[in-house]
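Working through the structure, step by step
Each chain is listed here by its residues.
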Amino acid sequence: MKNDIPTIIQIGDFIVSSEILTENFCCDYVKCRGCCCIIGDSGAPLDETEPELIERNYENFSKYMSEEGRQEIIKNGFHVVDRDGDKVTPLINGEECAYTRFEGDNCLCAMEKAYFNGENSFRKPVSCWLYPIRVSRLSNGLTALNLHRWHICQDAFAKGKKEGIPVFRFLKEPLVHCFGEEFYSELEEVFSILNASS
């Protein structure tokens with residue numbers, strides 16, 4: 001693609017980083033084994049509705065959590081506030097998310113396991129499902145979507161490039177879930193325009 005591609009594209013009330021369209025990504029779970037649920041300074045960011053959704057569904061998925069995770073919830077609640085003042089999922093001893101479960105060396109999400117088993121109406125926090133897209137609400141009422149780069153996901157960027165999967169296409173399901181079919185269709189349209197001009 002040309003170097004004159006705009007860095008930011010506005011679609012309705014959304015400000016979208018062009019990297020979401022131009023960069024490639026595809027989770028390489030065989031290599032990472034879910035380490036994004038373990039490594040980090042704080043838990044997964046939660047939007048304003050998610051603490052209540054987690055609490056409401058907790059009895060459905062808590063059986064899949066570790067005992068340490070359940071004890072962490074008893075001790076600190078369904079969410080905590082990090083040093084930036086954001087609501088996040090609790091961590092076990094400052095490491096893995098309290099809502100994880102391990103199957104051998106693989107780290108999985110207890111919420112998502114219950115969801116796929118038909119026991120849970122809440123899949124998992126949007127910040128996890130949409131990664132590597134980060135969503136922020138701006139003071140002018142717009143919603144910004146930016147690409148987040150984390151060194152532990154370098155294999156996912158490499159796999160996405162090898163397989164030719166743009167970030168937004170890898171995340172089609174959560175993007176449609178969060179923002180609707182029309183928004184996703186407009187991403188596809190802009191992507192086509194960018195490719196036609198390359």
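Quick caveat, the model's predicted, so the values are computed rather than measured. (Residues numbered from 1 in each chain as written. Predicted model: local features only at pLDDT ≥ 70, side-chain atom pairs only at ≥ 80, totals over all residues. Heavy atoms only, no water.)

A count of helices and strands for the protein chain gives ten helices and eight strands. Here the protein chain has a C-alpha radius of gyration of 18 Å; the compact-globule value for 198 residues is 16 Å, and the two agree. Here the C-alpha coordinates of the protein chain stretch approximately 55 × 40 × 35 Å along the principal axes. The burial tally for the protein chain puts 41% of its 198 residues in the buried class. (Helix = DSSP H or I, 4+ residues; strand = E, 2+ residues; numbered from the N terminus. Rg over C-alpha atoms; globule rule 2.2 N^0.38 Å. Buried < 20%, exposed > 50% of the residue type's maximum accessible area, 1.4 Å probe, protein only.)

Within the largest apolar cluster, 29 residues are counted, with the highest numbers of intra-cluster contacts made by Ile-20, Leu-21, Leu-145, Phe-168, Leu-175, Phe-183 and Leu-187. Broken down by secondary-structure element, the contributors of at least two residues to this core are β1 (8-11), β2 (14-17), α1 (19-22), β8 (143-147), α7 (154-163), α8 (167-170), α9 (172-179) and α10 (181-196). Among all residues touching Phe-183, those that are not within four sequence positions of it are Ile-11, Phe-14, Val-16, Leu-145 and Leu-175. (Core = buried A, V, L, I, M, F, W, Y, C linked by side-chain atoms within 4.5 Å. Contact = heavy atoms within 4.5 Å.)

Under the counting rule described, the total for this entry stands at eleven aromatic pairs. With 5.3 Å between their ring centres and 55 degrees between their planes, Phe-168 and Phe-191 make a pair best called tilted. Placement of Phe-168 in helix α8 and of Phe-191 in helix α10 is noted, with a sequence separation of 23 residues between them. Classification of Phe-168 as buried rests on a relative accessible area of 0%. Among the aromatic side chains, those forming a connected cluster through ring pairs are Tyr-58, Phe-61, Phe-78 and Tyr-99. Residue placement shows Arg-149 over the ring face of Phe-157; its charged tip is 5.3 Å from the ring centre. (Phe/Tyr/Trp six-rings, centres within 6.5 Å; stacked < 30°, edge-to-face > 60°. Lys NZ or Arg CZ within 6 Å of the ring centre and 35° of its normal.)

What follows concerns helix α3 (residues 50-61). Taken together, the buried positions of α3 are occupied by Glu-50, Pro-51, Ile-54, Asn-57, Tyr-58 and Phe-61. End-on view of α3: buried residues confined to an arc of 155 degrees, all on one side of the axis. Facing away from the buried side of α3 by more than 90 degrees, the exposed set consists of Glu-52, Arg-56 and Glu-59. In this structure, the buried side of α3 is in contact with α4 (67-76), β4 (87-88), α5 (110-116) and α6 (126-129). (Arc of directions from axis to C-beta.)

What follows is about the pattern of salt bridges. Counted according to the given criterion, the structure contains eleven salt bridges. Residue Glu-67 is joined to Arg-70 by a salt bridge in which the shortest nitrogen-to-oxygen separation is 3.1 Å. Highlighted residues: Glu-67 and Arg-70, both in helix α4, separated by three residues, approximately one helical turn. Among the salt bridges present, the one from Arg-123 reaches Glu-112, with a minimum N-O distance of 2.8 Å. Remark: Glu-112 occurs in helix α5 and Arg-123 occurs in the loop between α5 and α6; sequence separation between them is eleven residues. Taking relative accessible area as the criterion, Glu-112 reaches 13% and is therefore assigned buried. Through salt bridges with shared partners, a single network forms among Glu-112, Arg-123, Lys-124 and Glu-173. (Salt bridge = Lys/Arg side-chain N within 4 Å of Asp/Glu carboxyl O.)

Before going further, it helps to spend a moment on α4. Within α4, burial applies to Gly-69, Glu-72 and Ile-73. Seen end-on, α4 carries its buried residues on one side only, within an arc spanning 100 degrees. Every exposed residue of α4 that faces more than 90 degrees away from the buried side is listed here: Glu-68, Ile-74 and Lys-75.

The next thing to look at is the side chain of Thr-100. In this fold, Thr-100 is placed in strand β5 (residues 100-103). Looking at Thr-100, the relative accessible area reads 4%, which means it is buried. In this structure the side chain of Thr-100 is engaged in a polar contact, spanning 2.8 Å, whose partner is the backbone oxygen of Cys-97. Not counting chain neighbours up to four residues away, the residues in contact with Thr-100 comprise Cys-37, Tyr-64, Met-65, Ser-66, Cys-107, Leu-108 and Ala-110. (Polar contact = N/O pair within 3.5 Å; in protein donor to acceptor, adjacent residues only side chain to side chain.)

Interhelical geometry of α9 versus α10 gives an angle of 130 degrees and a closest axis separation of 7 Å. Taken together, the axis directions place α9 and α10 in an arrangement best described as oblique. Every residue of α10 that contacts α9 at Lys-172, Leu-175, Val-176 and Phe-179 is listed here: Glu-181, Phe-183, Tyr-184 and Leu-187. Looking at the contact of α9 with α10 residue by residue, the class counts come to six nonpolar, no polar and two charged. (Axes fitted to C-alpha atoms, helices over the stretch in contact; angles between N-to-C directions. Parallel < 35°, antiparallel > 145°, perpendicular 65-115°, else oblique. Nonpolar A, V, L, I, M, F, W, Y, C, P; charged D, E, K, R; others polar.)

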